[in-house]
Amino acid sequence: MNRLISIELQKIWKNKASRILTLTYFVLLSFIALIASIKFDIGPVKFEAAEIGFFNFPFIWHFNTYIAAWLKLFLAIVIVSMMANEYSYGTLKQNLIDGLSKKEFILSKFLTVVLFALCSTIFVFVMSLLLGFSFSSYTEFDVVLMDLDYILAFFVKLIGFFSFCLFLGIFVKRSAFALGFLLVWFIIECFLKFSIFPRINMDYFTQLLPLESMSNLIIEPFTRLSVIRTIGTQIGVENSKDYGVHYLSVFIVLVWTFLFIYFSYKLLKKRDL
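Residues numbered from 1 in each chain as written. Predicted model: local features only at pLDDT ≥ 70, side-chain atom pairs only at ≥ 80, totals over all residues. Heavy atoms only, no water.

(A) The overall build of the protein, seen in detail. A tally of regular secondary structure across the protein gives 14 helices and two strands. Scored against the burial criterion, the 273 residues of the protein give a buried share of 43%. Sequence separation of at least 24 residues holds for 78% of the intrachain contacts in the protein that already meet a minimum separation of 6. As displayed, the protein offers around 14,800 Å² of accessible surface, 69% of which is attributable to carbon and sulfur atoms. (Helix = DSSP H or I, 4+ residues; strand = E, 2+ residues; numbered from the N terminus. Buried < 20%, exposed > 50% of the residue type's maximum accessible area, 1.4 Å probe, protein only. Contact = heavy atoms within 4.5 Å. Areas by Shrake-Rupley, 256 points an atom, 1.4 Å probe, with all protein chains shown as cover.)

(B) The arrangement of the packing of helix H12 (residues 210-217) against helix H14 (residues 247-270) in detail. Where H12 meets H14, the axes come as close as 9 Å, and the angle between the chain directions of the two elements is 140 degrees. With respect to H14, the axis of H12 lies oblique. The two elements H12 and H14 cross, and the hand of that crossing is left-handed. When H12 is examined against H14, the residues Pro 210, Ser 213, Met 214, Asn 216 and Leu 217 are found in contact with a partner set consisting of Ser 249, Val 250, Ile 252, Val 253, Trp 256 and Phe 260. Looking at the contact of H12 with H14, its residues break down into eight nonpolar, three polar and no charged. (Axes fitted to C-alpha atoms, helices over the stretch in contact; angles between N-to-C directions. Parallel < 35°, antiparallel > 145°, perpendicular 65-115°, else oblique. Left-handed = near helix turned anticlockwise from the far one by under 90°. Nonpolar A, V, L, I, M, F, W, Y, C, P; charged D, E, K, R; others polar.)

(C) Geometry of the packing of helix H1 (residues 2-14) against helix H5 (residues 72-88). The N-to-C vectors of H1 and H5 enclose an angle of 100 degrees; their axes lie 11 Å apart at closest approach. Considering the angle they form, H1 stands roughly perpendicular to H5. Only Val 78, Met 82 and Glu 86 of H5 make contact with H1, whose side of the interface consists of Glu 8, Lys 11 and Ile 12. Broken down by class, the residue content of the contact of H1 with H5 amounts to three nonpolar, no polar and three charged.

(D) Representation of the layout of surface pockets in the model. Its volume calculated, the largest pocket comes out at about 810 Å³. Lining the largest pocket are 23 residues, with Trp 70, Lys 72, Phe 186, Leu 211 and Ser 215 sitting closest to its centre. At the level of secondary structure, the elements contributing two or more residues to the lining of the largest pocket comprise helix H4 (59-69), H5, helix H9 (149-172), helix H10 (175-193) and H12. With seven residues, the single largest contributor to the lining of the largest pocket is H10. Partitioning the lining of the largest pocket into residue classes produces 15 nonpolar, two polar and six charged. (1 Å grid on protein atoms, 1.4 Å probe; cavity = no way out; pocket = protein on both sides within 12 Å on 5 of 7 lines; lining within 4 Å. Points joined across faces, edges and corners; volume = space filled by probe spheres on them.)

(E) Region of interest: H1. In this model H1 runs 18 Å from its N-terminal to its C-terminal C-alpha over 13 residues, within 8% of the 18 Å that 1.5 Å per residue would give. Buried residues of H1: Leu 4, Ile 5, Glu 8 and Ile 12, and no others. Down the axis of H1, the buried side of the element spans an arc of 95 degrees, and every buried residue falls inside it. For H1, the exposed residues lying more than 90 degrees away from the buried face are Asn 2, Trp 13 and Lys 14. At its buried positions, H1 is contacted by helix H2 (16-30), H5 and helix H7 (102-135). (Expected span 1.5 Å × (residues − 1). Arc of directions from axis to C-beta.)

(F) Quick look at the pattern of salt bridges. This model, assessed by the stated rule, comprises three salt bridges. The closest approach of N and O atoms between Asp 147 and Arg 224, which form a salt bridge, is 2.6 Å. On the criterion of sequence distance, the pair formed by Asp 147 in the loop between helix H8 (141-145) and H9 and Arg 224 in the loop between H12 and helix H13 (226-234) is long-range, its members being 77 residues apart. Judged by its relative accessible area of 22%, Arg 224 falls in the partly exposed class. Salt bridges sharing partners connect three or more residues here, namely Lys 11, Glu 86 and Lys 109. (Salt bridge = Lys/Arg side-chain N within 4 Å of Asp/Glu carboxyl O.)

(G) Just a nonpolar patch on the surface, in detail. Side chains of Leu 118, Ile 122, Phe 125, Val 126 and Leu 130 sit close together on the surface and give an oily, nonpolar patch of about 430 Å² of accessible area. As for its placement among the helices and strands, Leu 130 is situated in helix H7. (Patch = residues over 30% accessible without salt bridge, like charges linked within 9 Å, V, L, I, M, F, W, Y side chains within 5 Å.)

(H) Structural view of the nonpolar core. Formed by 70 residues in total, the largest nonpolar core has its most connected members in Tyr 25, Leu 29, Ile 79, Phe 154, Phe 161, Phe 162 and Phe 164. Broken down by element, the residue count for this core peaks at 15 residues, all from H9. Apart from residues lying up to four places away in sequence, Phe 162 is in contact with Lys 72, Leu 75, Ala 76, Ile 79, Val 113, Phe 116 and Ala 117. (Core = buried A, V, L, I, M, F, W, Y, C linked by side-chain atoms within 4.5 Å.)

(I) Examining the side chain of Asn 64 more closely. Residue placement: Asn 64 occurs in helix H4. Judged by relative accessible area, which is 0%, Asn 64 ranks as buried. Here Ser 128 takes part through its side chain, which lies 2.9 Å from a polar atom of the side chain of Asn 64. (Polar contact = N/O pair within 3.5 Å; in protein donor to acceptor, adjacent residues only side chain to side chain.)

(J) Examining the environment of Thr 91 more closely. Relative to the helices and strands, Thr 91 resides in helix H6 (residues 91-97). When residues no more than four places from it in sequence are discounted, the contact partners of Thr 91 are Asn 85 and Glu 86.

(K) Main features of H5. Its 17 residues place the ends of H5 24 Å apart at the C-alpha level, agreeing with the 24 Å of an ideal helix rising 1.5 Å per residue. The buried count for H5 comes to 13 of 17 residues, which makes it a mostly enclosed element. Immediately downstream of H5, the backbone of Gly 90 shows phi near 75 degrees, a positive value.

This is how it looks when you write it as structure tokens:
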């Protein structure tokens, strides 16, 4: 297992574009901390991110994982390129000639996906702890531990999304076309979600789609803030959102992850390389 991961990491690190994108991703993740420094006054309106509650426990788990999830596209490009380069540079065929089985090849890619997701999750977890203990008004142990399931949801979301990108990289073989296919699939899901079909049926159906199920793991946190809720109440807008992590969504994403890896292997197995 260590040998398989080592092979993949060497390929990524020796590719300049992949190396830069990976480093950029983790640098941008750390920039979440800069949100704490946002302050501005516009007449009577005063805004200070740290004071408004963005970094209070347990809300910080929800906020940071939601913001960090938007940056996953950087690693998605790395994963798609990682697969496309196997075809472009002939390293896939060479690995198989050198004795690596197709099952081991797919396993090495999936382990890389899990490693990326795990490193990202640990990074966000540690950063959230540091920011929380620096700015949160509530640092009691039981409060800090509340809503930690957002960390699990973040990890599962990254694994699912990266597995989808890996499948597209194998299916399409070209990174630009694979990313284009990802965009098209996103548009298709948006169309189905906001279509004119009966809402009850479509809501039930769309939550089973890959990108929508990943999105449902961590919904937007901003309307959860007390200040936003107060404003909504004053203008007569009721907020009935359920902000929790639902394990049905976790299960759906895990099923999609299994299917993406399974069909990646089946595609590779059937192709004449």
